[in-house]
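Listed here are the chains, written in short residue letters.
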Amino acid sequence: MTAMSEQSTGLDVRPLTGAMGADVFGVDLTKLDGQTLVSIKRTFHEYGAIVIRNQSLTPAALLEFAKKMGAIEVHPIVKGLDEHPEIIKIHKATGDVATFGVGWHSDNSFTPQPSLGSIVYAEKVPPVGGDTLFANQYLAWEQLSGGMQRMLEGLRAVHSAKYAYTAPTAKDKYEGKTTIAYTHSDVVHAEVVHPVVRTHPETGRKAIYVNPMFTVRFEDMTEDESRPLLDFLFRHCVREDFQCRVRWQEGAVTLWDNRCVQHTALNDCQGFERILYRVTVRGNAPA
Ligand code: SIN
């Protein structure tokens, strides 16, 4: 995932920044042939986040496309649609003051087999604001000194949803302030351990795998002991020169690779409605 791809995919691919991300035009996700699907997967691996513009998808059509990217999962905490539990409706109503997904993270890193990728369809987009930022975690790894890389390769980190989804954090952030519904479960309090540096199974590249929403400490260390190095990594990993910004349009489908990308929604569209539908593709335990 460096910006400019030399390989030809047959798609109309337009990079978003020098760091990552691309807009893709000229594809109809409801009429995908095998070669176009292969090209989409290759572009996804190349750019980390791709925005396929100008789609018109029902929830069933979104799911049908998502299943072509891998096995679909049901979110362990956020309640999905009644008729399609695999789809989360990310809805910021006009009067909501909070937005789901604000704060840098990698989806579901608090689970033993975190999401490989996320696929989000925009149904209603505010006239201003409501963009999503992405950061390239390969670059975050590659831009560290050799000494820091050697130290990080020996470390594992504990991930948990306990601060993101329990009181007071989630209550303060969300309750009565957004239309997102939660099915509180024991998963909120569980802790899982992942390597701090993971190797992407498709590209073979190394990426940093910690995020401020779900990474709570290093293995065998206290939160206090972990804090200085984690704070450095949280800042470093989302440097502006590692980022791209997705400006949503109605009908845009954004796919991002949680194995090598962090993202954050922006809560800056107060007074406007924003409706996205998200499906996540099941991943493997990070290696
Ligand atoms: C998320 O999936 O974390 C939120 C994405 C967004 O609403 O921009």
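One can find the structure itself at the top, above this paragraph.
So, here is what we can say about the structure in this document. Predicted model only: the values in this text are computed from it and were never measured.

Quick notes on the rules
Residues numbered from 1 in each chain as written. Predicted model: local features only at pLDDT ≥ 70, side-chain atom pairs only at ≥ 80, totals over all residues. Heavy atoms only, no water. Pairing = 2+ DSSP bridges. Helix = DSSP H or I, 4+ residues; strand = E, 2+ residues; numbered from the N terminus. Axes fitted to C-alpha atoms, helices over the stretch in contact; angles between N-to-C directions. Phe/Tyr/Trp six-rings, centres within 6.5 Å; stacked < 30°, edge-to-face > 60°. Lys NZ or Arg CZ within 6 Å of the ring centre and 35° of its normal. Buried < 20%, exposed > 50% of the residue type's maximum accessible area, 1.4 Å probe, protein only. Contact = heavy atoms within 4.5 Å. Arc of directions from axis to C-beta. Near = heavy atom within 4 Å. Polar contact = N/O pair within 3.5 Å; in protein donor to acceptor, adjacent residues only side chain to side chain. Areas by Shrake-Rupley, 256 points an atom, 1.4 Å probe, with all protein chains shown as cover. Nonpolar A, V, L, I, M, F, W, Y, C, P; charged D, E, K, R; others polar.

Things to note about the sheet that holds strand β8 (residues 156-159)
Where strands meet in a sheet, backbone hydrogen bonds hold them as pairs that are either parallel or antiparallel.
Step number 1: Reading across the sheet, the 3 strands line up as β9-β8-β12 and stay open at both edges, with antiparallel pairing between neighbours. Of all strands in the sheet, those with a lone pairing partner are β9 (192-195) and β12 (215-218), marking the two edges. Averaged over all neighbouring strand pairs, the angle between strand axes comes to 35 degrees, with direction disregarded.
Step number 2: Where β8 lies against β12, 3 bridges are found, and the strand directions are antiparallel. Across the sheet, Val-158 pairs through a bridge with Arg-217, a residue of β12.

Some details on the packing of aromatic side chains
Step number 1: The full count for this structure, using the stated rule, is 2 aromatic pairs.
Step number 2: Over the ring of Tyr-209 we find Arg-198, and its NZ or CZ is 4.6 Å from the ring centre.
Step number 3: Across the ring face of Tyr-138, the terminal group of Arg-205 is positioned such that the distance to the ring centre comes to 4.2 Å.

Quick word on the side chain of Thr-254
Step number 1: By the element assignment, Thr-254 lies in strand β14 (residues 253-257).
Step number 2: The class of Thr-254 is buried, set by a relative accessible area of 0%.
Step number 3: Discounting residues that sit within four places of it in the chain, Thr-254 has contacts with Ile-50, Val-51, Ser-118, Ile-119, Val-120, Phe-134, Val-246 and Trp-248.

Notes on the sheet that holds strand β7 (residues 132-136)
Step number 1: With antiparallel pairing, 3 strands are arranged side by side in an open sheet as β13-β7-β15. Sheet topology places β13 (243-246) and β15 (261-265) at the edges, where each strand pairs with a single neighbour. The mean inter-strand angle of the sheet, taken between neighbouring strand axes irrespective of direction, is 20 degrees.
Step number 2: Here β7 runs beside β13; their pairing, made up of 4 bridges, is antiparallel. The residue of β13 that forms the bridge with Leu-133 is Arg-245.

Points about helix α4 (residues 146-153)
Step number 1: When α4 is considered as a whole, its buried residues turn out to be Met-148, Gln-149 and Leu-152. Each buried residue of α4 sits inside an arc of 100 degrees when the element is viewed along its axis, so together they form one side.
Step number 2: Looking at the buried side of α4, the elements it contacts are α3 (137-142), β10 (197-199) and α7 (223-237).

Topic: the site of the ligand
Step number 1: Taken together, Ile-90, Gly-101, His-105, Asp-107, Thr-132, Trp-256, His-263, Ala-265, Arg-274, Leu-276 and Arg-278 are the residues near the ligand.
Step number 2: Here Arg-274 contributes a side-chain N or O atom positioned 2.8 Å from an oxygen atom of the ligand.
Step number 3: For the ligand, the accessible surface in isolation is 260 Å², of which the surrounding protein chains cover 100%.
Step number 4: Among the secondary structure elements, those contributing two or more residues to the shell around the ligand are β15 and β16 (274-281).
Step number 5: Looking at which element gives the most residues to the shell around the ligand, the answer is β16, with 3 residues.
Step number 6: Taken together, the residues of the shell around the ligand sort by class into 4 nonpolar, 4 polar and 3 charged.

Quick look at helix α2 (residues 59-69)
Step number 1: Looking only at α2, the buried set comprises Ala-61, Leu-62, Leu-63, Phe-65, Ala-66 and Met-69.
Step number 2: Among the structural elements, α1 (34-47), β4 (72-73), β6 (117-124), β14 and β16 are those in contact with the buried residues of α2.
Step number 3: Two residues or fewer after α2 comes Gly-70, characterised by a positive phi angle close to 150 degrees.

Quick word on the environment of Tyr-121
Step number 1: Tracing the backbone shows Tyr-121 in strand β6.
Step number 2: Assessed through its relative accessible area of 9%, Tyr-121 is described here as buried.
Step number 3: Residues Tyr-121 and Val-261, 140 residues apart in the sequence, show an inter-C-alpha distance of 18 Å.
Step number 4: In this structure Tyr-121 touches Gln-55, Ser-56, Leu-57, Leu-62, Gly-251, Ala-252, Val-253, Ile-275, Leu-276 and Tyr-277, once residues within four positions along its chain are discounted.
Step number 5: A polar atom in the side chain of Tyr-121 sits 3.1 Å from the backbone nitrogen of Leu-57.

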